[in-house]
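# Topology and contacts: notes
Letter by letter, the chains look like this.
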Amino acid sequence: MGELTSLLRIKHTIIQAPMAGGAVTPELVAAVSTFGGLGSLASGYLEPENMREQIRQVNQLTSHPFQVNVFVPESIPEMTAEDLTFWKKRLPELPDAHGLPDEQALWDDFEQKMNILLEEQVPIVSFTFACPNEQTIRRFKQLGTLLIGTATTKEEALFLEEKGMDAIVLQGSEAGGHRGTFLPSKGDALQGLISLISEVKPLCHVPLIAAGGIVERKGVEAVLQLGADAVQIGTRFLASEESAAPDVYKQAILQAEGSETAITKLFSGKRARGIVNQWMEKERPHEEATLPYPVQHRWTTPMRKKAAAEGNLDQMALWAGQGVGRIQSILPVKDIMQELSKA
Ligand SMILES: Cc1cc2nc3c(=O)[nH]c(=O)nc-3n(C[C@H](O)[C@H](O)[C@H](O)COP(=O)(O)O)c2cc1C
C-alpha cells in the first residue's frame with residue numbers, strides 16, 4: 001500500500017476515475033489532488049489540443065500530481081450496408097456525412113496525445129481499452145512516466161504486467177462506464193471485484209487499483225483488506241459539486257437504486273454500465289445488432305447531445321456503477337475525500 005502512494009506521491013489511497021464525456025473538469029481533478037488523492041483527466045473524446053489545455057489548467061490549479069487517461073484505439077470491424085440502415089431507421093437524430101470514424105484518424109489522434117503528454121511531462125498516464133504498443137511504452141519509460149493499464153480479468157492483468165505497466169486498475173463488473181476488456185475470454189469477462197482482486201493478487205507483482213461500485217469508506221477498506229493497493233472511484237465523483245455532469249444526471253444518480261443499472265452496448269457498441277432508461281429498455285432486443293465501437297458511439301452522439309441539452313434522461317447515457325444506491329447527496333470534493341479517507 002505504501003509503495004503505490006509513494007510512487008504516485010499521494011497521501012490517500014484514493015484515485016478519482018478518469019471519466020470521458022465532459023463530467024471531469026480541471027477543477028474536479030485539481031480538487032481531488034489537492035485533498036490528497038489522485039485526480040485524473042480523461043482525454044477520451046477530447047481533441048488533443050483541448051487535452052493540452054486541460055493539463056495546463058490543472059497545473060495552474062494545483063501543484064499536486066495528477067494523471068491523464070487515454071483510450072487506446074482498436075481496429076473497427078467491417079460493417080454491411082444493412083447494419084447501418086438498421087440504425088438509420090431507429091435513431092431519432094443522425095450524424096452528418098462524416099458519421100463513420102476513420103481508424104487511421106483515431107491512431108493519429110492517439111499519437112498526437114502521446115506527443116503532448118510527453119511534451120507536457122505528465123507524470124502519470126493511464127490507458128484503457130487495450131495495452132499501448134512497445135514503442136509508446138518505451139518513450140514514456142525513458143522520461144520516467146508512471147504507466148497504468150486497465151484489466152478486467154486475470155489474463156489481462158498478467159498481460160499488462162508483462163508489457164511493463166507500473167500499476168494495474170482491476171475493473172470489476174460493478175464499475176460504471178465502459179468495460180476495459182481487451183482480450184478474448186471463454187466467458188463474459190464480467191468478473192466481480194472481490195473474486196478479481198483475490199485471483200490476481202497472488203500472481204501480480206505490481207500494485208493493484210480496485211475499481212467498481214465503491215462509493216464510501218467501508219468499500220475502500222474492504223478492497224484494501226483483499227489486497228488492493230488503492231481504489232479508483234468514478235460514480236461518487238460524478239455526483240460532486242465540481243463535476244460538470246448535467247444536473248438531471250446528478251439527480252438520477254441520487255435517485256437510482258443499486259439494482260437499477262445494467263450493462264449495454266446500445267450507446268457506443270462497447271459494453272458499459274449505466275442507469276437503465278427508456279432508450280435502453282426500448283432497444284434492448286437489438287443489443288446484439290449494435291454497430292462496432294466507436295461507430296455506434298458516433299451514431300448515437302447527436303441523440304445523446306440533444307437529450308442532454310434538453311435535460312431529457314430518456315436518451316442520455318447515464319453511466320453509473322452499482323454503488324449508485326448509496327449516493328444520497330451532491331457534495332464538494334473536499335467532503336467526499338474526507339469521507340473516503342477517514343481513518
Ligand atoms: C461516466 C464515466 C466515464 C468513464 N470514463 C472512463 C474513461 O474515460 N477512462 C477509463 O479508464 N475509465 C472510465 N470509466 C470507468 C472508471 O475508470 C472506473 O472503472 C469506474 O468508474 C469504477 O466504477 P464506479 O463508477 O462504480 O466507481 C468511466 C466511468 C464512468 C462512470
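### Things to note about helix H3 (residues 48-61)
In a regular helix each residue adds 1.5 Å, so 14 residues correspond to 20 Å; H3 covers 20 Å between its end C-alpha atoms and thus fits that length. What H3 keeps buried is the set Pro-48, Met-51, Arg-52, Gln-54, Ile-55 and Val-58. The buried side chains of H3 occupy one side of the element, clustering within an arc of 165° when seen end-on. Contacts from the buried residues of H3 go to helix H2 (26-34), strand E2 (39-42), strand E3 (66-71) and helix H5 (103-119).

### What about the packing of aromatic side chains?
In this structure the tally under the stated criterion is ten aromatic pairs. Centroid distance Phe-86 to Trp-87: 5.3 Å. Interplanar angle 85°. Geometry classified as edge-to-face. Assessed through its relative accessible area of 29%, Phe-86 is described here as partly exposed. An angle of 65° between the planes, with centres 6.4 Å apart, marks the rings of Phe-127 and Phe-140 as edge-to-face. A residue pair is termed long-range when its members are at least 10 positions apart, and Phe-127 in strand E4 (residues 124-128) and Phe-140 in helix H6 (residues 134-143) qualify at 13 residues. For Phe-127, a relative accessible area of 0% corresponds to the buried category. Aromatic ring contacts, followed pair by pair, group Phe-86, Trp-87, Phe-267, Trp-279 and Trp-319 into a single cluster. Over the ring of Phe-129 we find Lys-270; its NZ or CZ atom is 4.2 Å from the centre of that ring. Taking the ring centre of Tyr-293 as reference, the NZ or CZ of Lys-270 above it sits at 5.0 Å.

### Considerations on the site of the ligand
In the vicinity of the ligand there are 21 residues, among which Pro-18, Asn-69, Gly-213, Gly-234 and Thr-235 approach most closely. One nitrogen or oxygen atom from the main chain of Pro-18 is found 3.4 Å from a nitrogen atom belonging to the ligand. At 2.6 Å, a side-chain N or O of Thr-235 approaches an oxygen atom of the ligand. In the complex, the protein chains occlude 95% of the 590 Å² of accessible area that the ligand would expose alone. Listing elements by their share of the shell around the ligand, those giving two or more residues are E3 and strand E9 (230-233).

### Some words on the nonpolar core
By size, the foremost hydrophobic cluster in this structure holds 89 residues, and its most contacted members are Leu-117, Phe-127, Ile-168, Leu-170 and Phe-237. In this view, Ile-168 contacts Gly-149, Ala-151, Ala-157, Leu-160, Glu-161, Cys-204, Val-206, Pro-207, Leu-208 and Ile-209; residues no more than four positions away in its chain are not counted.

### Some details on the side chain of Gln-191
Here Gln-191 shows up in the loop between strand E7 (177-178) and helix H8 (193-200). Of the residues examined, Gln-191 reaches a relative accessible area of 18% and is grouped as buried. When neighbours within four sequence positions are excluded, Gln-191 is seen to be in contact with Thr-152, Thr-153, Gly-172, Ser-173, Leu-196 and Glu-199.

### Regarding the sheet that holds strand E10 (residues 261-264)
Across the sheet, three strands lie side by side as E7-E11-E10; this open sheet has antiparallel pairing. What marks the edges here is a single partner per strand, and that holds for E7 and E10. As paired strands, E10 and strand E11 (residues 272-275) are joined by four bridges and run antiparallel to one another. Note on E11: the bridge partner recorded for Thr-264 is Ala-272.

Procedures and definitions
- Residues numbered from 1 in each chain as written.
- Predicted model: local features only at pLDDT ≥ 70, side-chain atom pairs only at ≥ 80, totals over all residues.
- Heavy atoms only, no water.
- Helix = DSSP H or I, 4+ residues; strand = E, 2+ residues; numbered from the N terminus.
- Expected span 1.5 Å × (residues − 1).
- Buried < 20%, exposed > 50% of the residue type's maximum accessible area, 1.4 Å probe, protein only.
- Arc of directions from axis to C-beta.
- Contact = heavy atoms within 4.5 Å.
- Phe/Tyr/Trp six-rings, centres within 6.5 Å; stacked < 30°, edge-to-face > 60°.
- Lys NZ or Arg CZ within 6 Å of the ring centre and 35° of its normal.
- Near = heavy atom within 4 Å.
- Polar contact = N/O pair within 3.5 Å; in protein donor to acceptor, adjacent residues only side chain to side chain.
- Areas by Shrake-Rupley, 256 points an atom, 1.4 Å probe, with all protein chains shown as cover.
- Core = buried A, V, L, I, M, F, W, Y, C linked by side-chain atoms within 4.5 Å.
- Pairing = 2+ DSSP bridges.

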